Amino acid sequence: MTLSATKNKLTKGKANLEVFSETLIKLAEGNKDILAVTSDSRGSGKLVPFAQQLPDQIVEVGIAEQNLVGVAAGLASAGKKTFAVSPACFLTARSLEQIKNDVAYSDFPVVLVGISAGVSYGALGSTHHSIHDVAVLRAIPNIDIVVPADNFETEQAIIAASKATKPLFIKFGKKAMPTLPRLEQTFEIGKASTIYEGSDVAFIACGETVAPAYEAALLLEEKGISAEVISMHTVKPLDKNAVLKAAQKCKAVITVEEHNVHGGLGEACASLLMQSNVSVPFKIVAIPDEDTATGSQVEIFEHYGITAQALFDKTLRILDQ
């Protein structure tokens with residue numbers, strides 16, 4: 001089985017982290033109150049050009065993630081717009097108390113940027129995987145969670161973050177991301193983006209899993225099955241209307257995420273559907289509750305069925321039930 005016509009195939013762009021850095025530089029050049037705060041992560045966070053061009057607008061705290069969040073919150077309390085940049089696995093584990101109290105409880109509009117998220121660190125193993133971040137932050141009041149799927153969503157998310165008046169967490173992987181089609185070139189935190197329209201099955205995905213969901217839709221199209229693909233770039237607050245509309249429109253709903261099966265996008269959608277008394281065949285595709293397999297991100301995705309072919313096969317089984 002091959003992907004659909006060439007006109008529908010995805011073209012590769014840049015790593016979202018590169019777009020994050022480029023966008024932040026543009027914003028900071030015109031606003032001296034925008035600061036990047038890093039925990040020895042300017043290299044992995046693609047912030048070396050930022051530091052070279054705007055050396056007075058970057059703060060390096062060293063390998064001290066708890067200090068990172070505390071310093072970012074303190075600067076925000078003094079009127080600075082701070083982007084706290086650190087590997088997602090450490091930012092949302094070692095610094096969770098500071099995120100909860102210094103940022104969310106104190107209501108400072110810090111932008112927490114989790115880099116190399118999900119299983120981007122691959123072969124470094126479970127200690128460096130960040131598949132818990134959405135779950136723990138969903139349970140903390142007063143913080144939004146954004147997981148951009150491609151370069152467009154990344155640029156727009158950073159622009160929106162620079163204007164945000166409340167705490168925000170944004171997570172990025174490492175690899176170059178394809179440019180996704182979308183019905184409208186618009187972006188708003190809390191509003192999902194429809195990538196592809198369909199009526200038989202709805203894929204609701206976020207981050208780097210939106211691309212395989214779209215490719216699965218192309219495979220299904222060749223079998224005469226119409227698949228809707230929704231980029232749920234904002235996991236919190238969830239776009240409830242988009243989820244309910246998809247569930248009422250389609251014969252099945254499949255959520256896809258680079259996260260533990262517990263506490264992420266899938267469970268957020270499942271809870272909404274149950275509490276809204278909407279009954280539809282439903283499947284969560286995510287990392288199971290186990291010590292994560294070790295390997296590259298591609299290998300881990302293949303192992304856990306987060307690929308176009310695996311999603312294609314899962315859809316056929318669900319629709320045949």
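Note that the structure is predicted; figures quoted are calculated from it, not measured.

Here is what the cut-offs are and how they apply
Residues numbered from 1 in each chain as written. Predicted model: local features only at pLDDT ≥ 70, side-chain atom pairs only at ≥ 80, totals over all residues. Heavy atoms only, no water. Salt bridge = Lys/Arg side-chain N within 4 Å of Asp/Glu carboxyl O. Helix = DSSP H or I, 4+ residues; strand = E, 2+ residues; numbered from the N terminus. Buried < 20%, exposed > 50% of the residue type's maximum accessible area, 1.4 Å probe, protein only. Pairing = 2+ DSSP bridges. Axes fitted to C-alpha atoms, helices over the stretch in contact; angles between N-to-C directions. Contact = heavy atoms within 4.5 Å. Left-handed = near helix turned anticlockwise from the far one by under 90°. Nonpolar A, V, L, I, M, F, W, Y, C, P; charged D, E, K, R; others polar. Right-handed = clockwise from strand over helix to strand, strands pointing away.

Now for the pattern of salt bridges. Here the structure, examined in full by the defined rule, presents 10 salt bridges. Aspartate 133 is the partner of lysine 171 in a salt bridge, and the nearest nitrogen-oxygen pair spans 2.9 Å. With lysine 171 in strand 7 (residues 168–171) and aspartate 133 in helix 6 (residues 133–138), this residue pair connects regions lying 38 residues apart in the sequence. Residue lysine 171 shares its accessibility class with aspartate 133, and that shared class is buried. Among the salt bridges present, the one from arginine 182 reaches aspartate 150, with a minimum N-O distance of 2.6 Å. Of this pair, arginine 182 sits in the loop between strand 8 (176–179) and strand 9 (193–196) while aspartate 150 sits in the loop between strand 6 (144–146) and helix 7 (151–163), placing them 32 residues apart in sequence. Taken as a pair, arginine 182 and aspartate 150 share a single burial class, namely buried.

One open sheet accounts for five strands, arranged 9-11-10-13-14; its pairing is mixed. Edge positions in the open sheet fall to strand 9 and strand 14 (282–287), since each of these has one partner strand only. The average angle at which neighbouring strand axes cross in this sheet is 25 degrees, direction not considered. Taken together, the five bridges between strand 10 (residues 201–205) and strand 11 (residues 227–231) define a ladder with parallel strand orientation. Residue pairing for strand 11: valine 201 is matched across the bridge by alanine 227.

Moving on, we get to the sheet that holds strand 6. Strand pairs in the sheet, formed through backbone hydrogen bonds, run parallel or antiparallel to each other. Within the open sheet, the seven strands sit side by side as 3-2-4-5-7-6-12. Their pairing is mixed. Edge positions in the sheet fall to strand 3 (58–60) and strand 12 (234–236), since each of these pairs with one other strand and no more. Pairs of neighbouring strands in the sheet enclose a mean axial angle of 20 degrees, with direction left out of account. Inspection of the sheet shows strand 6 paired to strand 12 by two bridges, in the antiparallel sense. From the neighbouring strand, isoleucine 145 faces strand 12, where its bridge partner is lysine 236. Across the sheet, helix 1 (residues 16–29) touches strand 2 (34–38), strand 4 (81–87) and strand 5 (111–115), and the angle it forms with strand 2 is around 140 degrees. Packing of helix 7 onto the sheet brings it into contact with strand 4, strand 5, strand 6 and strand 7, and relative to strand 4 it is tilted by some 130 degrees.

Okay, the packing of helix 1 against helix 7 next. Packing of helix 1 against helix 7 brings their axes to within 9 Å, and their N-to-C directions diverge by 35 degrees. Here the hand of the crossing between helix 1 and helix 7 comes out right-handed. The segment helix 1 lies against helix 7, with Asn16, Val19, Phe20, Thr23, Leu24 and Leu27 engaging Asn151, Thr154, Glu155, Ile158, Ile159 and Ser162. A per-class count over the contact of helix 1 with helix 7 returns six nonpolar, five polar and one charged.

To continue, consider the pairing of strand 10. Taken across its five residues, strand 10 has five buried, putting it largely inside the fold. Along strand 10, one buried face is formed by Val201, Phe203 and Ala205 and the opposite face, lined by Ala202 and Ile204, is buried too. Note on the crossover from strand 10 through helix 8 (residues 210–222) to strand 11: the handedness is right-handed. Relative to strand 13 (residues 252–260), strand 10 runs parallel, the two sharing five bridges.

Tracing the backbone shows glycine 45 in the loop between strand 2 and helix 2 (48–53). Using a relative accessible area of 0% as the deciding quantity, one classes glycine 45 as buried. On a C-alpha basis, the gap between glycine 45 and leucine 17 in space is 6.5 Å, while along the polypeptide they are 28 residues apart. Setting aside residues no more than four positions away along its own chain, glycine 45 makes contact with Leu17, Phe20, Val85 and Ile115.

Let us look at the environment of asparagine 16. Relative to the assigned elements, asparagine 16 resides in helix 1. Put simply, asparagine 16 and lysine 174 are 158 residues apart on the chain and 7.2 Å apart in space, counted from C-alpha to C-alpha.

With that settled, consider the environment of valine 229. Mapped onto the secondary structure, valine 229 falls in strand 11. By relative accessible area, valine 229 is classed as buried at 0%. The spacing of valine 229 and valine 210 is 19 residues in sequence and 7.7 Å in space, taken between C-alpha atoms. Excluding residues that lie within four positions of it along the chain, valine 229 makes contacts with Ser193, Thr194, Ile195, Tyr196, Phe203, Val210, Ala213, Tyr214 and Ala217.

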